[in-house]
Amino acid sequence: SGWRSELADHMPTPEEEEVAASYALELAELTFNSKPIINSLTMIADEERAFSHAIAGVVLRKIGSALADKKLPIIYLLDSICKNVGAAYKNHFAPALPQTIGDAFDANGPKVRTSLQKLVDTWTGVFEPAVVAATRARIGASAAPAATAAPAPPGAAA
C-alpha cells in the first residue's frame, strides 16, 4: 500500500508516461516464464534507468492485475531487474515486496508457493534484511512447507 500512495502522489511527465506505456506494451508479451523475454525487458529497464519510478510502477501494477497463474513470470522479471540493474529499481520495489509477493503466494497453489519461497531465499544481500524478513514472514517461508502452511482455498488446484 505504501508504494501505491507514493506512485499516486507522483505526477508523471509526458516522457515518463510514454516510457511507461511503451514498457507496458512490451510487458504484455510476458505471459509465461520466458528467459529471452525477461532478459529483453531487463535490458530495456536498464536502458531506461532514468525512468525507474515509472517502470517499477508498471511492473508492480502488472503483478497486481495479472491472473494468479501469470504472476510468477512477472515476479521473475522484478527479480531480474533488481539483480541485474540494481539500486535504481530496488528502492522502488522493496517497499512493495512483502505485499506483492504475499498476494501472489495467497493466490497460488503449492508449486508456485514453493517457487516464490525459493526466490525470496535468493534475496539475502539483494534487498535490505528487513525487507527480506518481512517478505519471508508474509509467506511463512520460515514455517511449514507451502503445501501444509494453510488449507487450499476452495476451488484451488491441489
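Residues numbered from 1 in each chain as written. Predicted model: local features only at pLDDT ≥ 70, side-chain atom pairs only at ≥ 80, totals over all residues. Heavy atoms only, no water.

Visitor: For the nonpolar core, give the residues involved together with the corresponding values.
Guide: By size, the foremost hydrophobic cluster in this structure holds 42 residues, and its most contacted members are Tyr23, Val59, Leu77, Leu78, Phe93, Trp123 and Phe127. For this core, the secondary-structure elements that each account for two or more residues are helix 2 (14-27), helix 3 (35-47), helix 4 (52-65), helix 5 (71-84), helix 6 (87-93), helix 7 (97-107), helix 8 (110-121) and helix 9 (129-139). If near-sequence neighbours (up to four positions away) are discounted, Leu78 is found in contact with Val59, Leu60, Ile63, Phe93, Leu97 and Trp123. (Core = buried A, V, L, I, M, F, W, Y, C linked by side-chain atoms within 4.5 Å. Buried < 20%, exposed > 50% of the residue type's maximum accessible area, 1.4 Å probe, protein only. Helix = DSSP H or I, 4+ residues; strand = E, 2+ residues; numbered from the N terminus. Contact = heavy atoms within 4.5 Å.)

Visitor: Can you lay out the pattern of salt bridges for me, pointing to particular residues and giving the numbers?
Guide: Applying the stated criterion to the full structure yields five salt bridges. Among the salt bridges present, the one from Lys83 reaches Asp79, with a minimum N-O distance of 2.9 Å. Highlighted residues: Lys83 and Asp79, both in helix 5, separated by four residues, approximately one helical turn. What makes Lys83 partly exposed here is its relative accessible area of 36%. The buried category is assigned to Asp79, whose relative accessible area is 10%. (Salt bridge = Lys/Arg side-chain N within 4 Å of Asp/Glu carboxyl O.)

Visitor: So what's going on with the confidence of the model for the protein? Residues and values would help.
Guide: Fine structural detail should not be taken from predicted coordinates in areas where pLDDT scores are low. Taken as a whole, the protein shows an average pLDDT of 87; of its residues, 82% reach a score of 70 or greater. Residue range residues 1-6 is modelled with pLDDT below 50. Its contacts to residues more than four positions away, or to other chains, number eight contacts. (pLDDT = per-residue confidence, 0-100.)

Visitor: So what's going on with the packing of helix 5 against helix 7? Which residues, and what values?
Guide: Where helix 5 meets helix 7, the axes come as close as 11 Å, and the angle between the chain directions of the two elements is 155 degrees. Between helix 5 and helix 7, the angle falls in the class roughly antiparallel. You can see that helix 5 and helix 7 cross each other, and the crossing is left-handed. Where helix 5 abuts helix 7, its residues Lys71, Ile75 and Leu78 lie against Leu97, Ile101, Ala104 and Ala107. For the contact of helix 5 with helix 7, a count of residues per class yields six nonpolar, no polar and one charged. (Axes fitted to C-alpha atoms, helices over the stretch in contact; angles between N-to-C directions. Parallel < 35°, antiparallel > 145°, perpendicular 65-115°, else oblique. Left-handed = near helix turned anticlockwise from the far one by under 90°. Nonpolar A, V, L, I, M, F, W, Y, C, P; charged D, E, K, R; others polar.)

Visitor: Explain the packing of aromatic side chains to me, using residue names and the numbers behind them.
Guide: For the structure shown, the criterion picks out two aromatic pairs. Taking 6.3 Å as the distance between ring centres and 20 degrees as the angle between the ring planes, the aromatic pair formed by Tyr89 and Phe93 counts as stacked. Of this pair, Tyr89 and Phe93 are both found in helix 6, four residues apart, which corresponds to roughly one turn of the helix. Above the plane of the ring of Phe105 lies Arg113, whose end atom (NZ or CZ) is 4.5 Å from the centre. (Phe/Tyr/Trp six-rings, centres within 6.5 Å; stacked < 30°, edge-to-face > 60°. Lys NZ or Arg CZ within 6 Å of the ring centre and 35° of its normal.)

Visitor: Can you tell me about the environment of Phe32, naming the residues and giving the values?
Guide: Inspection of the secondary structure puts Phe32 in the loop between helix 2 and helix 3. Sequence separation of Phe32 and Ile74 is 42 residues, and the distance between their C-alpha atoms is 8.6 Å. Every residue in contact with Phe32, bar those within four places of it in the chain, is listed here: Ile37 and Pro73.

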